[in-house]
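# Per-entry structural report
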Amino acid sequence: MWSVLFQSFESSTLEKIIQFGSAAVIVFENAFYLWDQQRYLEQEPSVHPVRVALQQYIASPNAAAVREALSLAIRAYEAGFSQWMVGSAKHSQKKADLIETIIEVVLQHRLPRPNLQATQ
């Protein structure tokens, strides 16, 4: 099911890793809230929170938005990579900028928390 998130075969290894990792963070955060909701409402675990969260993520516009935003950021990072010397200040700054962008994209595209009243 996770393979649905990676439809682009021309993506670099770095891009695939970051895309997968970012999607996993978003899905696992939402799965935690689903699990916590089940626990709070003392429901039998009839559904698997990770599966439900993954299905919600794939069906949401967030998946495409995350994929697009991260692809742009990673391609921009990789475009100048051959010009930077590893360990240089410019290389370190570009890596820090990429990490900051990844964090921003993930935080902007979180799935909504489940509503406790909706399931009671």
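Here, every reference points to the structure presented above.
Residues numbered from 1 in each chain as written. Predicted model: local features only at pLDDT ≥ 70, side-chain atom pairs only at ≥ 80, totals over all residues. Heavy atoms only, no water.

What follows deals with the packing of aromatic side chains. Going through the model one piece at a time under the given rule, you end up with two aromatic pairs. On the numbers, 5.5 Å between centres and 65° between planes, the contact of phenylalanine 32 with tyrosine 33 is edge-to-face. The buried category is assigned to tyrosine 33, whose relative accessible area is 19%. Geometrically, the ring pair formed by phenylalanine 32 and tryptophan 35 is tilted, given 6.0 Å between the ring centres and 40° between the ring planes. A residue pair is termed a helical-turn pair when its members lie 3 or 4 positions apart in one helix, as phenylalanine 32 and tryptophan 35 do in helix α1 (residues 13-40) at three residues. Ring pairs connect the aromatic residues Phe32, Tyr33 and Trp35, which therefore count as one cluster. (Phe/Tyr/Trp six-rings, centres within 6.5 Å; stacked < 30°, edge-to-face > 60°. Buried < 20%, exposed > 50% of the residue type's maximum accessible area, 1.4 Å probe, protein only. Helix = DSSP H or I, 4+ residues; strand = E, 2+ residues; numbered from the N terminus.)

Moving on, we come to the side chain of serine 11. Position of serine 11 among the secondary structure elements: in the segment before α1. Once you skip the residues sitting within four places of it in the chain, serine 11 turns out to touch Lys16 and Arg75. (Contact = heavy atoms within 4.5 Å.)

Our focus in this paragraph is the packing of α1 against helix α3 (residues 61-79). Their axes nearest at 10 Å, the elements α1 and α3 cross at an angle of 145°. Note on packing geometry: the crossing formed by α1 with α3 is right-handed. Where α1 abuts α3, its residues Leu14, Glu15, Ile18, Gln19, Ser22 and Ile26 lie against Val66, Arg67, Leu70, Ser71, Ile74, Arg75, Tyr77 and Glu78. (Axes fitted to C-alpha atoms, helices over the stretch in contact; angles between N-to-C directions. Left-handed = near helix turned anticlockwise from the far one by under 90°.)

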